[in-house]
Amino acid sequence: MYADRVLSGMRPTGALHLGHYHGVLKNWVRLQHDHSCLFFAADWHALTTHYETPQTIQQNTWDMVIDWLAAGVDPKLATIFIQSQVLEHAELHLLLSMMMPLSWLERVPTYKDQQAKIKDRDLSTYGFLGYPLLMSSDILIYRAGKVPVGEDQLPHLEFTRETARRFNHFYGREPDFEAKAKAALKKLGNKNAKHFEELRARFQEQGEGEAVAQGRALVAEAQSLSQADRERLTGYLEGTGKTILVEPEALLTEASRMPGLDGQKMSKSYGNAITLREDGASVANKVKRMPTDPARARRTDPGEPTKCPVWALHQVYTDGATRETLCQGCRTASIGCIECKQPVIDGILREQAPMRERAQTYLDNPALVRDIVADGNDKARRLARETMADVREAMGISYR
Ligand code: TRP
Ligand code: SF4
């Protein structure tokens, strides 16, 4: 039931570019058709690094959500929400912080890497150290089975799995679990109870898979047991408690090969990006200014496409036959670079057209976006509250 739940988040750091589209959003759009998907703006995560300049976070969040919708994330299929609007994330983060060894947080590679890299801000804060734990809370609170992330986030996913395991180890059992399991055992009748104990010993001492299968069958066949007693007996048999937090799996998003305007990977920080909804004239202008094979200083000099950053964009935006012709033309100097760039410009504009159109609906009517997000916040909150009820109870602070 939970295994099918997909969750992913993105920090609202500014307009998304075509690298985000090819690397992340296309994948989200695909996933929403056969999974139950939750996508959220990680605005608290943005605050861990931008706490001195929070003024842009709200606008960035709305713009980012419009980018998602423009890319084809469909609010009828996926739940779109904002992290800070589901306060339960903060409660889980706090509760998990109680049992979280400092050393676990300190050894997450991004912690030291980012501190070393980002010199213009002080990142020796409590919040920044807790970044991976907040991310764990985002994931665990929805009992998400699958989390689409890029490779850079894999250590955080592993950290999340360890956190879930640690939590379940401490709190996965009712306080009087043994006594309740023994009472449930009695309900099996003397003969069966004795047999069950034997199977349990065979499994736990010798690891016999057959024994655990027989034990489960015995529980399944017993007529007189309540559902809670069945769960207890299964937990007793297998030596586990009740699973409260689910260990997620990473759905590794293939590294985006989306090249930027200079041939390096497209990235805002390299200044080589085209934004998702960038205006057509600006797209044409940026592509026209792209460097080409330096050997083609003059129009009459032949060039080599594999040494040209424009060629990398052709791999994304033009078909094989077109590339064949252009490649010949470049090597024989029978076409010029301006001519060669045009199909790339056309390809980008063609890709952007439906995105621009979808975005326009929301730009014309911002209330639509607010409604989608309000609706998503409500849905997410409902799911988060279910988990928190179990978490509080497991930790003995449900006051019910
Ligand atoms: N840390 C992620 C990033 O920088 C964003 C994020 C926050 C996230 N919480 C998450 C991603 C939960 C997936 C699941 O990209
Ligand atoms: Fe690059 Fe095309 Fe010019 Fe060749 S013709 S150098 S591939 S832009």
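For the protein, an unreviewed UniProt entry supplies the name Tryptophan--tRNA ligase and the organism Azospira inquinata. Listed in UniProt under the heading Sequence similarities (unreviewed entry), the comment for the protein reads: "Belongs to the class-I aminoacyl-tRNA synthetase family." For the protein, the Catalytic activity (unreviewed entry) comment in UniProt is given as "tRNA(Trp) + L-tryptophan + ATP = L-tryptophyl-tRNA(Trp) + AMP + diphosphate + H(+)".

Undergrad: What am I meant to see in the site of ligand 1 here?
TA: Around ligand 1 sit 14 residues, and of these Arg 11, His 45, Tyr 131, Asp 138 and Gln 153 come closest. In the model, an oxygen atom of ligand 1 is placed 3.1 Å from a nitrogen or oxygen of the Arg 11 side chain. The separation between a nitrogen atom of ligand 1 and a polar side-chain atom of Gln 153 is 3.0 Å. The set of elements that each furnish at least two residues to the shell around ligand 1 consists of β1 (5–10), α8 (131–140) and β4 (146–149). With four residues, the single largest contributor to the shell around ligand 1 is α8. The residue inventory of the shell around ligand 1, partitioned by class, reads eight nonpolar, four polar and two charged.

Undergrad: Sorry, what's going on with the side chain of Gln 32 here?
TA: Secondary-structure assignment places Gln 32 in the loop between α1 (18–31) and β2 (36–41). Among the polar contacts listed, one links the side chain of Gln 32 to the backbone oxygen of Gly 72, at a separation of 3.0 Å. Once residues lying within four places of it in the same chain are set aside, the contact partners of Gln 32 are Cys 37, Gly 72, Val 73, Asp 74, Leu 77 and Ala 78.

Undergrad: Even after reading the chapter, I still don't get the packing of aromatic side chains, so can you show me in this structure?
TA: When we look at a pair of aromatic rings, we describe it by the centre distance and by the angle of the planes. What the rule picks out here adds up to eight aromatic pairs. With a centroid separation of 6.4 Å and an interplanar angle of 65°, the aromatic rings of Phe 128 and Tyr 131 are classed as edge-to-face. A relative accessible area of 12% means that Tyr 131 is categorised as buried. By the ring-pair criterion, three or more aromatic residues cluster together here, those being Trp 28, Phe 39 and Trp 68. Here Arg 200 stacks its cationic end above the ring of Tyr 236, 3.7 Å away from the centre of that ring. Against the face of Trp 62 rests Arg 370, its NZ or CZ located 4.0 Å from the ring centre.

Undergrad: In this structure, what is going on with the site of ligand 2? I would like to understand it.
TA: With respect to spatial proximity, the complete set of residues near ligand 2 consists of Thr 292, Asp 293, Arg 296, Pro 305, Cys 308, Val 310, Cys 330, Cys 337 and Cys 340. Tallied by class, residues from the shell around ligand 2 come to six nonpolar, one polar and two charged.

Undergrad: Explanation requested: unusual backbone geometry in the structure shown.
TA: At Arg 143, a position not held by glycine, the phi torsion is positive, near 50°. If you trace the backbone, Arg 143 turns up in the loop between α8 and β4. By relative accessible area, Arg 143 is classed as buried at 5%. Notably, Ala 333 is not glycine yet its phi reads approximately 60°, a positive angle. Within the secondary structure, Ala 333 sits in the loop between α16 (320–331) and α17 (337–364). Judged by relative accessible area, Ala 333 falls into the buried class, the value being 14%.

Undergrad: Mind showing me how you'd approach the nonpolar core here?
TA: The nonpolar side chains of a soluble globular protein tend to be buried with one another. Counting residues in each nonpolar core, the largest one holds 52 residues, and the members touching the most others are Leu 18, Leu 25 and Trp 68. For this core, the element with the highest residue contribution is helix α3 (residues 57–71), accounting for eight residues. Sequence-distant contacts of Leu 18, defined by excluding residues within four places in its chain, comprise Met 258, Met 266, Ile 274, Thr 275, Leu 276, Tyr 317, Ile 348, Glu 351 and Met 355. Judged by nonpolar contacts, the second largest core, of 39 residues, contains Val 86, Leu 129, Phe 167 and Ala 384.

Undergrad: Help me understand the packing of α17 against helix α18 (residues 366–395), please; the structure alone is not making it clear to me.
TA: Between two packed helices, both the angle of their axes relative to each other and the distance between the axes serve to describe the pair. At a minimum axis distance of 4 Å, the contact between α17 and α18 shows a crossing angle of 95°. What the angle tells us is that α17 and α18 run roughly perpendicular. Packed against α17, whose contacting residues are Thr 361, Tyr 362, Leu 363 and Asp 364, the element α18 presents Pro 366, Leu 368, Val 369 and Ile 372 at the interface. Considered class by class, the residues forming the contact of α17 with α18 number six nonpolar, one polar and one charged.

Undergrad: Please clarify how the pattern of salt bridges should be interpreted in this entry.
TA: This model, assessed by the stated rule, comprises 20 salt bridges. One salt bridge connects Arg 385 with Glu 88, and the closest N-O pair in it is separated by 2.9 Å. Of this pair, Arg 385 sits in helix α18 while Glu 88 sits in helix α4 (residues 88–98), and the two are 297 residues apart along the sequence. Counted as one network, the salt bridges with shared partners bring together Glu 158, Arg 161, Arg 165 and Glu 247.

Undergrad: Looking at this structure, I do not really get α3. What am I missing?
TA: For an α-helix, 3.6 residues make a turn, and residues three or four places apart therefore share a direction. Between its first and last C-alpha, α3 extends 21 Å over 15 residues, near the 21 Å set by a 1.5 Å rise per residue. Most of α3 is tucked away, with twelve of its 15 residues classed as buried. If you check which residues of α3 are buried, you get Ile 57, Asn 60, Thr 61, Trp 62, Met 64, Val 65, Ile 66, Asp 67, Trp 68, Leu 69, Ala 70 and Ala 71. Just past α3, the residue Gly 72 takes up positive phi, approximately 115°.

Undergrad: Is there a simple way to think about the environment of Phe 196 in this case?
TA: Secondary-structure assignment places Phe 196 in helix α11 (residues 190–206). With relative accessibility at 0%, the residue Phe 196 sits in the buried group. Taking C-alpha positions, Phe 196 is 9.4 Å from Val 212, a pair spaced 16 residues apart along the chain. If near-sequence neighbours (up to four positions away) are discounted, Phe 196 is found in contact with Leu 185, Leu 188, Gly 215, Leu 218, Val 219, Leu 233, Tyr 236 and Leu 237.

Scoring rules and cut-offs
- Residues numbered from 1 in each chain as written.
- Chains lettered and ligands numbered in written order.
- Predicted model: local features only at pLDDT ≥ 70, side-chain atom pairs only at ≥ 80, totals over all residues.
- Heavy atoms only, no water.
- UniProt positions renumbered as here; feature names shortened; annotations may be inferred.
- Near = heavy atom within 4 Å.
- Polar contact = N/O pair within 3.5 Å; in protein donor to acceptor, adjacent residues only side chain to side chain.
- Helix = DSSP H or I, 4+ residues; strand = E, 2+ residues; numbered from the N terminus.
- Nonpolar A, V, L, I, M, F, W, Y, C, P; charged D, E, K, R; others polar.
- Contact = heavy atoms within 4.5 Å.
- Phe/Tyr/Trp six-rings, centres within 6.5 Å; stacked < 30°, edge-to-face > 60°.
- Buried < 20%, exposed > 50% of the residue type's maximum accessible area, 1.4 Å probe, protein only.
- Lys NZ or Arg CZ within 6 Å of the ring centre and 35° of its normal.
- Core = buried A, V, L, I, M, F, W, Y, C linked by side-chain atoms within 4.5 Å.
- Axes fitted to C-alpha atoms, helices over the stretch in contact; angles between N-to-C directions.
- Parallel < 35°, antiparallel > 145°, perpendicular 65-115°, else oblique.
- Salt bridge = Lys/Arg side-chain N within 4 Å of Asp/Glu carboxyl O.
- Expected span 1.5 Å × (residues − 1).

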